Amino acid sequence: MSLITLQSVKKDFGIKEILKDASLSLDATDKVGLIGTNGSGKSTLLKMMAGLEPIDHGQILANSGATIVYLPQQPDLDENRTVLEQIFADAGEQMALVREYEEISDKLAHAPEDKQLMTRLSSLMQRMDAIGAWEVETNAKIILSQLGITDFNAVIGTLSGGYRKRIALATALLSEPDLLLMDEPTNHLDANSVEWLQSYLNRYRGAILLITHDRYFLDKVTNRIIEIDRGDIYTYAGNYSYYLEKKALSEESAVSSQRKHQGVLRRELEWLKRGPKARSTKQKARIDRIHDMQETEFKQAQGKVDISTPSRRIGKKVIELNNISKAYDGRTLIKEFTYEFSPDDRIGIIGGNGAGKSTLLDMITGRVQPDSGSVEIGTTVHIGYFNQHSEELQSALNENQRVIDYIKEEGEFVTIADGTRITASQMLERFLFPGNQQYAPIHKLSGGEKRRLFLLRVLMGTPNVLILDEPTNDLDVQTLAILEDYLEDFSGCVIVVSHDRYFLDRTVDTIFAFQEGGNIKQYPGNYSVYLDYKQAEEAQQQQINNTKEKAKNVETLHTTSLPKENETKKRRGLSNWQKREFEQLEGKIAQMEAEKAEAEKALVNVPPGNYTQVQKLYEQVETLKEAIDVATERWLELAEIES
């Protein structure tokens with residue numbers, strides 16, 4: 001069943017044609033990823049489908065019985081409501097009853113003897129039972145908790161933009177529409193929340209059309225990709241990996257077709273230049289065909305950002321963090337952290353929202369001072385800071401300033417990596433800002449285009465230490481791929497805060513993971529390697545817990561079932577060699593437990609980058625765990641025979 005259909009839709013903003021003649025249809029089982037460069041019209045298309053943006057031509061037909069919910073990048077919430085009030089606002093009967101239940105319960109907490117309130121609550125609970133409204137409240141709290149929101153009575157006006165986005169996301173999910181339109185739903189989510197959302201949407205029974213920069217997310221959630229490329233729409237019947245494969249093949253085919261066309265045209269023009277004397281009907285048709293071929297236009301491969309900036313020398317001393325600590329409102333974010341950055345470091349910083357990741361970057365850049373400890377910056381260090389906070393981006397960009405003037409503030413000319421000197425205008429073209437956009441005011445740009453412009457300004461400053469705070473937010477997947485290639489060849493230190501698993505896998509070789517109490521733990525490798533370590537640590541902890549439980553059971557069994565030492569010779573049921581084995585096993589198990597504890601301690605303290613030692617110790621721990629399990633099982637077996 002088709003939920004919504006676009007027929008020959010056109011949209012033009014004057015300086016850019018968004019859609020030329022777009023037609024597409026979404027069915028009830030579609031889970032579609034919408035991709036394209038920043039400014040290509042992705043968000044505009046979602047707004048048109050949601051009925052929030054007019055179209056210039058064509059029509060959009062929505063199934064009259066279908067419900068459509070739109071989640072924007074910047075949701076508009078009532079700042080005076082609490083979290084639950086916002087969740088249940090504009091709700092159906094079930095949610096309205098839940099909202100009323102929450103209100104009455106709150107009043108009863110302050111007036112428990114109020115009989116009128118008790119009567120209302122009793123009547124309300126019966127109605128909620130009748131229509132199954134309890135499940136709605138439970139689901140709401142589960143979804144909010146999974147998205148990192150636990151204070152359900154917090155007032156919206158006191159929350160950050162990231163928390164507001166998550167509340168809007170929870171509201172959209174709870175409404176369970178037939179079609180869910182989502183604009184960058186993974187922004188402001190930590191890795192665990194992204195994993196949960198990915199799993200939730202995989203089970204979602206309705207249709208989904210989403211914009212996201214998270215390529216792992218795209219790959220796992222979608223069964224179809226729609227690409228907007230310079231006003232045209234292209235559909236690929238598969239996930240993101242399938243799209244990449246087919247896109248590469250189609251571009252190769254287009255280049256081949258253009259090359260063949262040019263070869264035929266060249267031969268035909270040579271024939272025409274010879275000036276054939278006879279002008280038969282056939283020859284006239286051939287001449288007409290040549291004219292048609294000359295007018296044929298081929299769409300060039302999609303434009304790509306060209307990041308080509310010069311490098312700046314960096315000395316041995318980069319950044320030294322000496323026992324730094326930072327706390328806010330009695331909560332420790334960073335506790336006695338020491339690290340010496342090297343010129344070729346590639347550091348990825350991860351942790352939950354509010355853990356202190358941005359605070360660490362702010363201390364490195366001098367925006368915030370540590371409560372204790374010190375930060376030392378090398379004399380050759382030139383930091384480029386690409387910030388995630390929209391308010392700082394707004395202050396860095398004068399909305400009424402022309403794009404070209406903003407870049408010229410950094411320099412009229414730019415010397416790129418190969419030594420060539422180009423103009424600021426040419427540099428903008430390399431960042432996909434064509435001439436007509438360069439003289440437009442910045443407020444005409446999309447959110448993603450503003451981020452790309454800000455990134456260009458940062459890179460033009462030729463930093464040798466590049467600090468990126470959530471760089472993937474609002475940047476398109478094409479630009480991210482180019483940025484990843486750039487970072488791979490960047491001759492300097494890179495420090496990245498990101499929740500984007502794909503980006504971290506491509507760009508870093510060490511992970512700083514924020515933990516409870518302000519501790520920062522270091523892991524060698526990229527994000528996927530970090531997950532392997534975490535999985536091994538969790539399995540190891542589980543094994544320790546299991547072993548302790550077994551030991552406890554063994555101790556209980558030993559106390560209740562085993563004979564006293566002076567009665568050992570009177571044991572019955574065990575042969576002589578089994579008795580010796582039984583008596584030796586307990587000491588052997590204790591010895592192996594001690595060896596494993598030492599190996600685990602050594603594993604935690606291995607210096608970053610020593611992969612050989614990590615692997616050796618990990619294998620030792622695993623071998624000891626298996627041996628302890630076998631020995632413990634044997635001990636229990638012999639104890640049972642003896643008893």
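Model, not experiment: these values are computed from the prediction. (Residues numbered from 1 in each chain as written. Predicted model: local features only at pLDDT ≥ 70, side-chain atom pairs only at ≥ 80, totals over all residues. Heavy atoms only, no water.)

K.L.:
With reference to specific residues and values, describe the overall build of the protein chain.
P.N.:
Counting its secondary structure elements, the protein chain contains 21 helices and 20 strands. Per-residue burial for the protein chain yields a buried fraction of 46% across its 643 residues. By sequence separation, contacts in the protein chain at least 24 residues apart represent 68% of the contacts at least 6 residues apart. Counting every atom, the protein chain has about 32400 Å² of accessible surface; 47% of that belongs to carbon and sulfur. (Helix = DSSP H or I, 4+ residues; strand = E, 2+ residues; numbered from the N terminus. Buried < 20%, exposed > 50% of the residue type's maximum accessible area, 1.4 Å probe, protein only. Contact = heavy atoms within 4.5 Å. Areas by Shrake-Rupley, 256 points an atom, 1.4 Å probe, with all protein chains shown as cover.)

K.L.:
Could you give an account of the sheet that holds strand S13 (residues 372-377), with specific residues and numbers?
P.N.:
Pairing within the open sheet is antiparallel, and its 3 strands lie in the order S11-S10-S13. Of all strands in the sheet, those bounded by a partner on one side alone are strand S11 (331-341) and S13. In this sheet, adjacent strand axes meet at a mean angle of 20 degrees when their direction is disregarded. Summarising the sheet, strand S10 (residues 319-328) and S13 pair through 5 bridges and their orientation is antiparallel. By the bridge assignment for S13, Ile319 is matched with Ile377. Helix-sheet contacts for helix H11 (residues 357-364) involve S10, S11 and S13, and the interaxial angle to S10 is about 130 degrees. (Pairing = 2+ DSSP bridges. Axes fitted to C-alpha atoms, helices over the stretch in contact; angles between N-to-C directions.)

K.L.:
Could you give an account of the nonpolar core, with specific residues and numbers?
P.N.:
Counting 52 residues, the largest nonpolar core has Ile87, Leu173, Met182 and Leu201 as its most contacted members. Top contributing element to this core by residue count: helix H6 (residues 161-175), with 7 residues. When near neighbours in sequence (up to four residues on either side) are disregarded, Leu173 contacts Ile143, Leu180, Met182, Trp196, Leu197, Tyr200 and Leu201. Formed by 45 residues, the second largest nonpolar core is a distinct cluster that contains Phe431, Phe433, Val494 and Val508. (Core = buried A, V, L, I, M, F, W, Y, C linked by side-chain atoms within 4.5 Å.)

K.L.:
Give me the sheet that holds strand S2 (residues 17-27): which residues, what numbers.
P.N.:
Taken in spatial order, the 3 strands line up as S2-S1-S4 in an open sheet, and their pairing is antiparallel. The strands lining the two open edges of the sheet, one partner per strand, are S2 and strand S4 (57-62). Pairwise comparison of adjacent strand axes, ignoring direction, gives a mean angle of 10 degrees for this sheet. Sheet contacts for helix H1 (residues 42-49): strand S1 (2-12), S2 and S4; angle to S1, the most-contacted strand, approximately 125 degrees.

K.L.:
Describe the pairing of S11, naming the residues involved and giving the relevant values.
P.N.:
As paired elements, S10 and S11 share 7 bridges and run antiparallel to each other. When the bridges of S11 are listed, Glu320 appears paired with Glu340. The hairpin formed by S10 and S11 contains 2 residues between the paired strands, and Asp329 there has a positive phi angle of roughly 50 degrees.

K.L.:
I'd like a rundown of the pattern of salt bridges, residues and numbers included.
P.N.:
Within the structure shown, the criterion is met by 20 salt bridges. Between Arg230 and Asp229 there is a salt bridge; the shortest N-O distance is 2.7 Å. What makes Arg230 partly exposed here is its relative accessible area of 37%. Overall, the relative accessible area of 4% leaves Asp229 in the buried class. Note that Lys326 is salt-bridged to Asp371, the shortest N-O span being 3.1 Å. Note that Lys326 is positioned in strand S10 and Asp371 in the loop between H11 and S13, a separation of 45 residues in sequence. Look at the salt bridges and you will find they share partners, linking Arg215, Glu484, Asp485, Glu488 and Arg506 into a network. (Salt bridge = Lys/Arg side-chain N within 4 Å of Asp/Glu carboxyl O.)

K.L.:
Explain the environment of Ile35 to me, and be specific about the residues and the numbers.
P.N.:
Along the polypeptide, Ile35 turns up in strand S3 (residues 31-35). If we ignore the near neighbours within four places in the chain, the residues touching Ile35 are Lys42, Leu218, Ile225, Ile226, Glu227, Ile228, Tyr240 and Tyr243.

K.L.:
Which residues make up the packing of aromatic side chains, and what are the values?
P.N.:
Applying the stated criterion across every chain yields a total of 13 aromatic pairs. Taking the centre distance of 5.2 Å and the plane angle of 35 degrees together, the rings of Trp196 and Tyr200 count as tilted. Placement of both Trp196 and Tyr200 in helix H7 (residues 191-203) is noted, with a separation of 4 residues, approximately one turn of the helix. Per residue, the accessibility class of Trp196 equals that of Tyr200, and both read buried. Members of the aromatic cluster, connected to one another through ring pairs, are Phe337, Tyr339, Phe341 and Phe512. Its guanidinium or amino end placed over the ring of Tyr163, Arg166 lies 4.0 Å from that ring's centre, counting from NZ or CZ. One cation-aromatic arrangement involves Arg457 over Tyr406; the distance from NZ or CZ to the ring centre is 4.6 Å. (Phe/Tyr/Trp six-rings, centres within 6.5 Å; stacked < 30°, edge-to-face > 60°. Lys NZ or Arg CZ within 6 Å of the ring centre and 35° of its normal.)

K.L.:
Could you give an account of the environment of Ile349, with specific residues and numbers?
P.N.:
With respect to the helices, strands and loops of the structure, Ile349 is situated in strand S12 (residues 346-350). Look at Ile349 and you get buried, because its relative accessible area is 0%. For the pair Ile349 and Phe512, spaced 163 residues apart in the sequence, the C-alpha separation amounts to 4.7 Å. When residues no more than four places from it in sequence are discounted, the contact partners of Ile349 are Lys357, Leu360, Leu361, Ile495, Val496, Val497, Ser498, Phe512 and Phe514.

K.L.:
With reference to specific residues and values, describe the side chain of Glu484.
P.N.:
Relative to the assigned elements, Glu484 resides in helix H17 (residues 477-489). Judged by its relative accessible area of 0%, Glu484 falls in the buried class. Separated by 2.5 Å, the side chains of Glu484 and Arg215 make a polar contact. Sequence-distant contacts of Glu484, defined by excluding residues within four places in its chain, comprise Arg215, Tyr502, Phe503, Arg506 and Thr507. (Polar contact = N/O pair within 3.5 Å; in protein donor to acceptor, adjacent residues only side chain to side chain.)

K.L.:
I'd like to hear about H1, residue by residue, with values.
P.N.:
In terms of burial, H1 is a largely internal element, 6 of the 8 residues being buried. All of the buried residues in H1 are Lys42, Thr44, Leu45, Leu46, Met48 and Met49. One or two positions beyond H1, positive phi appears at Gly51, with a value near 80 degrees.

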